[in-house]
Amino acid sequence: AQKITQTQPGMFVQEKEAVTLDCTYDTSDQSYGLFWYKQPSSGEMIFLIYQGSYDEQNATEGRYSLNFQKARKSANLVISASQLGDSAMYFCAMRRTDNYGQNFVFGPGTRLSVLP
Amino acid sequence: DSGVTQTPKHLITATGQRVTLRCSPRSGDLSVYWYQQSLDQGLQFLIQYYNGEERAKGNILERFSAQQFPDLHSELNLSSLELGDSALYFCASSGLALANTGELFFGEGSRLTVL
């Protein structure tokens, strides 16, 4: 079964510092996609970054980068220069495709608190 | 704005009642997913539809049902409500992972409170 593990229920980081949120996944598929979403206290789910399993380069989107280590099955999110507005829940997710189409599996999330 | 519309945004009802949550996916997206998020919990996958057909089922209670209509909007029906059904219910849609990353686009959620 496909599974996403996020071992850090909560993280603290000082404003302007970088932080890494861990994500490991379990799949036997060759083709899959990995995503990170942010959920601020207002509740909406915001897409941050995507990494395809065949992408050789780590994905980057502004201050977000994804440290993809395929052999280790890890897809850690790195946030550089943390801002107070980065305080939120962060979910790692994996998309796979089977005979029934696409489905997505989410991790339990990591709550990030940015300290002034 | 993700392009996914959910109504109502907030709903307060009593135990034993029945409610219907509605979702309009992004224009052109054929897949609709429903998720439940209880307080400070992760996302629990409920059910997925593709072009009107049920494609996958997660931890959806028998008291819950859903459907996707020919115009691709979807409804999630929750009946015989219990206090534990209080949660944020998300609808999400996705298109084909061809020219884009194929991510899920989430609606703003319907916050259900059962008293």
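Residues numbered from 1 in each chain as written. Chains lettered and ligands numbered in written order. Predicted model: local features only at pLDDT ≥ 70, side-chain atom pairs only at ≥ 80, totals over all residues. Heavy atoms only, no water.

Draft legend 1. Spatial organisation of the overall build of chain A. Regarding its fold elements, chain A presents 0 helices and 12 strands. Starting at the N terminus, the α and β elements of chain A follow one another as β-β-β-β-β-β-β-β-β-β-β-β. What you see for chain A is a C-alpha radius of gyration of 14 Å, in line with the 13 Å of a compact globule of 116 residues. Counting only C-alpha atoms, chain A reaches 50 × 30 × 20 Å along its principal axes. Of the contacts formed within chain A by residues at least 6 apart in sequence, a portion of 55% connects residues at least 24 apart. For chain A, the distance from the average site of its 10 positive side-chain charges to the average site of its 11 negative ones is 3 Å. (Helix = DSSP H or I, 4+ residues; strand = E, 2+ residues; numbered from the N terminus. Rg over C-alpha atoms; globule rule 2.2 N^0.38 Å. Contact = heavy atoms within 4.5 Å. Lys, Arg positive; Asp, Glu negative; His and termini not counted. Charge placed at Lys NZ, Arg CZ, Asp CG, Glu CD.)

Draft legend 2. Up close: the interface of chain A and chain B. Opposite the 18 residues of chain A that make contact, chain B presents 19 residues. Between chain A and chain B, the buried area comes to about 1,600 Å², and carbon and sulfur atoms account for 55% of it. Our enumeration of links across chain A and chain B arrives at 0 salt bridges. There are 2 residue pairs in polar contact (both at pLDDT 80 or more) connecting chain A and chain B. Of all the elements in the fold, those that place two or more residues in the side of chain A that touches chain B are β5 (33-39), β6 (46-52), β10 (88-98) and β11 (101-106) of chain A. Classifying every residue of the side of chain A that touches chain B gives 10 nonpolar, 6 polar and 2 charged. (Buried area = accessible area lost by both parts, 1.4 Å probe. Salt bridge = Lys/Arg side-chain N within 4 Å of Asp/Glu carboxyl O. Polar contact = N/O pair within 3.5 Å; in protein donor to acceptor, adjacent residues only side chain to side chain. Nonpolar A, V, L, I, M, F, W, Y, C, P; charged D, E, K, R; others polar.)

Draft legend 3. Seen up close, the state of the cysteines. For the structure on display, the rule yields 2 disulfides over all chains. There is a disulfide in this structure between Cys23(A) and Cys92(A), and the S-S distance comes to 2.0 Å. When the S-S torsion is -60°, as for the bridge of Cys23(A) with Cys92(A), the disulfide is left-handed. Here Cys23(A) is found in the loop between β3 (19-21) and β4 (24-26), whereas its partner Cys92(A) is found in strand β10, with 69 residues between them in sequence. The buried category is assigned to Cys23(A), whose relative accessible area is 1%. The side chain of Cys23(B) participates in a disulfide bridge whose partner is Cys91(B); the two sulfur atoms lie 1.8 Å from each other. Between Cys23(B) and Cys91(B) the disulfide shows an S-S torsion of about -55°. By sign, it is left-handed. (Disulfide = S-S within 2.5 Å. Buried < 20%, exposed > 50% of the residue type's maximum accessible area, 1.4 Å probe, protein only.)

Draft legend 4. Representation of the pairing of strand β4 (residues 31-37) of chain B within the structure. All names here are of chain B. Within β4, 7 of the 7 residues are buried, leaving the element largely enclosed by the surrounding structure. Here β4 shows no split at all, with Ser 31, Tyr 33, Tyr 35 and Gln 37 on one side and Val 32, Trp 34 and Gln 36 on the other all buried. Hairpin remark: β4 followed by strand β5 (residues 44-50), antiparallel, with 6 residues in the connecting loop; positive phi at Asp 40, about 60°. When β4 meets strand β9 (residues 87-94), the two strands line up antiparallel, connected through 7 bridges. For Val 32, the partnering residue across the bridge sits in β9 and is Ser 93. (Pairing = 2+ DSSP bridges.)

Draft legend 5. Here's a closer look at the sheet that holds strand β1 (residues 5-7) of chain B. Residue and element names in this part refer to chain B. Here we have 4 strands laid out as an open sheet, ordered β1-β3-β8-β7, and antiparallel in their pairing. Each end of this open sheet is capped by a strand with a single partner; those strands are β1 and β7 (64-68). The average undirected angle you get between the axes of adjacent strands in this sheet is 15°. Pairing of β7 with strand β8 (residues 74-78), which is carried by 5 bridges, proceeds in the antiparallel orientation. In the strand pairing of β8, Phe 64 is matched with Leu 78. (Axes fitted to C-alpha atoms, helices over the stretch in contact; angles between N-to-C directions.)

Draft legend 6. Spotlight on unusual backbone geometry. Thr7(B) connects to Pro8(B) through a cis peptide bond whose omega is -10°. Examined against the element boundaries, Pro8(B) turns out to sit in the loop between β1 and β2 (10-13). Unusually for a residue other than glycine, Ala81(A) sits at a positive phi of about 45°. With respect to the element layout, Ala81(A) can be found in the loop between β9 (74-79) and β10. Although it is not a glycine, Asn51(B) sits at a positive phi angle of roughly 50°. If you trace the backbone, Asn51(B) turns up in the loop between β5 and β6 (53-57).

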